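Survey of secondary and tertiary structure
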Amino acid sequence: MHYVMCDVHGHYEEYKKMLEQINFSDDDHMYIIGDLIDKGNDSGKLLKEVLEDERVIYMLGNHEMMM
């Protein structure tokens, strides 16, 4: 299955809950189309996890460009 997500804004716990809700598995792929960082308290932790997960394709958004 392919999923699309955007505007996570550093909310790591909410991101993890969403993955649980959709039963994100090793056979799935997630496209994050920008604004992964900024606003929330866990931008660094979230960015590290996303960049290390081979199932996730991450595209920069305007909040990444501002940083």
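This text gives an overview of the structure that appears in the document. All values reported here derive from a predicted model rather than from experimental measurement.

Things to note about the sheet that holds strand β3 (residues 56-59)
- Spatial strand order, β1-β2-β3: three strands in an open sheet with parallel pairing. Pairing within the sheet leaves two strands with one partner each, and these edge strands are β1 (2-5) and β3. The mean inter-strand angle of the sheet, taken between neighbouring strand axes irrespective of direction, is 15 degrees.
- When β1 meets strand β2 (residues 29-33), the two strands line up parallel, connected through four bridges. In the sheet register, Val4 faces β2, and the bridge partner there is Tyr31.

Let's talk about the pairing of β2
- Going residue by residue along β2, you find Met30 and Ile32 tucked away on one face and His29, Tyr31 and Ile33 left uncovered on the opposite face.
- Relative to β3, β2 is paired through four bridges, and the arrangement is parallel. Opposite Tyr31, over in β3, you have Ile57 as the bridge partner.
- The β-α-β motif built from β2, the intervening helix α2 (residues 43-52) and the parallel element β3 has right-handed crossover chirality.

Rules of the game
- Residues numbered from 1 in each chain as written.
- Predicted model: local features only at pLDDT ≥ 70, side-chain atom pairs only at ≥ 80, totals over all residues.
- Heavy atoms only, no water.
- Pairing = 2+ DSSP bridges.
- Helix = DSSP H or I, 4+ residues; strand = E, 2+ residues; numbered from the N terminus.
- Axes fitted to C-alpha atoms, helices over the stretch in contact; angles between N-to-C directions.
- Buried < 20%, exposed > 50% of the residue type's maximum accessible area, 1.4 Å probe, protein only.
- Right-handed = clockwise from strand over helix to strand, strands pointing away.

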